[in-house]
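Next come the chains, spelled out residue by residue.
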Amino acid sequence: FSIQELGALLDLPEDSPDLAIIAERTEGWPVAVALYRLWRARSGGDDSLSPLFSGQVAEVAEYLTEQVFATLEQEQQALLTDLSILGYIEAGLADFVRQRADSATLLRSVEIALPGLVEHGASDTEPVYRFHPLLIDYARSRAEAPAARTRDRRLRAMAWFERRQRYVDAIQHAQASGDPAALTRLLADLRPLHVFLAHGVGELRAILRELAPDHLAAHPRLRLMAALAHFKSGYFGEAGAMLEEVRALTAGFAREPFGAVR
């Protein structure tokens, strides 16, 4: 549903803050909107509670348990919980994360079983699937895997994205894994000039947005990335100051702070 249709359906004005939150949580998907209406009715019709709406509130979880997961085969349920760490899902990524070779078939079968909660598109090479956030949220709550297994899936996702130079996704999974060493290694291997030549300054900025200031302080190459992004945006003074900082920190761009010659 569009924002206008959603407002009419819920009897809310288009400029209502509650409507904006509901639109964000449901993304306008009809099944999700129907679940919101169910939850709102059982919550006394109070739209001010909309920020609390998720796949784990009792009414939604009950529906997803009885009407969604109960209709799926065990392997399909396992697929949803295994992939609940992902956003857009390509079969190759799913296979790599799960260490299986049947993800394409299972993803297609889940799409057929849950047409209102699975979105299907295409990348350059293969189909791409996306589960509605309510379903992802619920699937995460059902996951019973030890923290170490979840971390390993995150690290495999990081590796898959890194090999394809999709660094923003790789950084997000490295951070979510809770493994500082993995993130440190990933950031140390980034090559700003290579990223810029392959993907443009927009990719540099997207990477930098994912990083905390202490990451920039610890990795001179990230400072070079920030300097290049500033330079391409016309902030020549700031770019020059950053370069001088890196020059001083690396003995004239010759050494990493920890001493490795590059």
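Residues numbered from 1 in each chain as written. Predicted model: local features only at pLDDT ≥ 70, side-chain atom pairs only at ≥ 80, totals over all residues. Heavy atoms only, no water.

K.L.:
Explain the overall build of the protein here, please?
P.N.:
In terms of helices and strands, the protein carries 16 helices and 3 strands. Projected onto its principal axes, the C-alpha positions of the protein cover 65 × 45 × 35 Å. Every one of the 262 residues in the protein was classed for burial, and the buried ones make up 42%. Pairs at least 24 residues apart make up 57% of the contacts formed inside the protein by residues separated by at least 6 positions. Accessible surface computed for the protein: about 13500 Å², of which carbon and sulfur atoms make up 53%. (Helix = DSSP H or I, 4+ residues; strand = E, 2+ residues; numbered from the N terminus. Buried < 20%, exposed > 50% of the residue type's maximum accessible area, 1.4 Å probe, protein only. Contact = heavy atoms within 4.5 Å. Areas by Shrake-Rupley, 256 points an atom, 1.4 Å probe, with all protein chains shown as cover.)

K.L.:
Whenever I open this one, the environment of Leu187 confuses me. Can you help?
P.N.:
In this fold, Leu187 is placed in helix H11 (residues 180–189). The buried category is assigned to Leu187, whose relative accessible area is 1%. Remark: the alpha-carbon pair of Leu187 and Ile3, spanning 184 residues in sequence, is separated by 40 Å. Discounting chain neighbours no more than four positions away, the residues touching Leu187 are Ile171, Leu211, His215, His219 and Leu222.

K.L.:
So what exactly am I meant to see when it comes to the side chain of Thr81 here?
P.N.:
Inspection of the secondary structure assignment puts Thr81 in helix H5 (residues 74–82). Among the polar contacts listed, one links the side chain of Thr81 to the backbone oxygen of Ala78, at a separation of 2.9 Å. With sequence-adjacent residues up to four places away left out, Thr81 is seen in contact with Ala139, Arg142, Ala143 and Arg153. (Polar contact = N/O pair within 3.5 Å; in protein donor to acceptor, adjacent residues only side chain to side chain.)

K.L.:
Can you help me understand the sheet that holds strand E1 (residues 88–90) in this one?
P.N.:
Sheets are built from strands that pair by backbone hydrogen bonding, the pairs being arranged parallel or antiparallel. The 3 strands are arranged E1-E3-E2 in an open sheet whose pairing can be described as antiparallel. Every interior strand has two partners, whereas the edge strands, E1 and strand E2 (118–122), have only one. Across the sheet, the mean angle from the axis of one strand to that of its neighbour is 30°, orientation sign disregarded. Sheet topology places E2 next to strand E3 (residues 127–131); 5 bridges connect them, and they run antiparallel. Within E3, the residue paired with His120 across the bridge is Tyr129. Strands in contact with helix H6 (residues 91–98) are E1 and E3; relative to E1, the strand with the most contacts, it is inclined by about 85°. (Pairing = 2+ DSSP bridges. Axes fitted to C-alpha atoms, helices over the stretch in contact; angles between N-to-C directions.)

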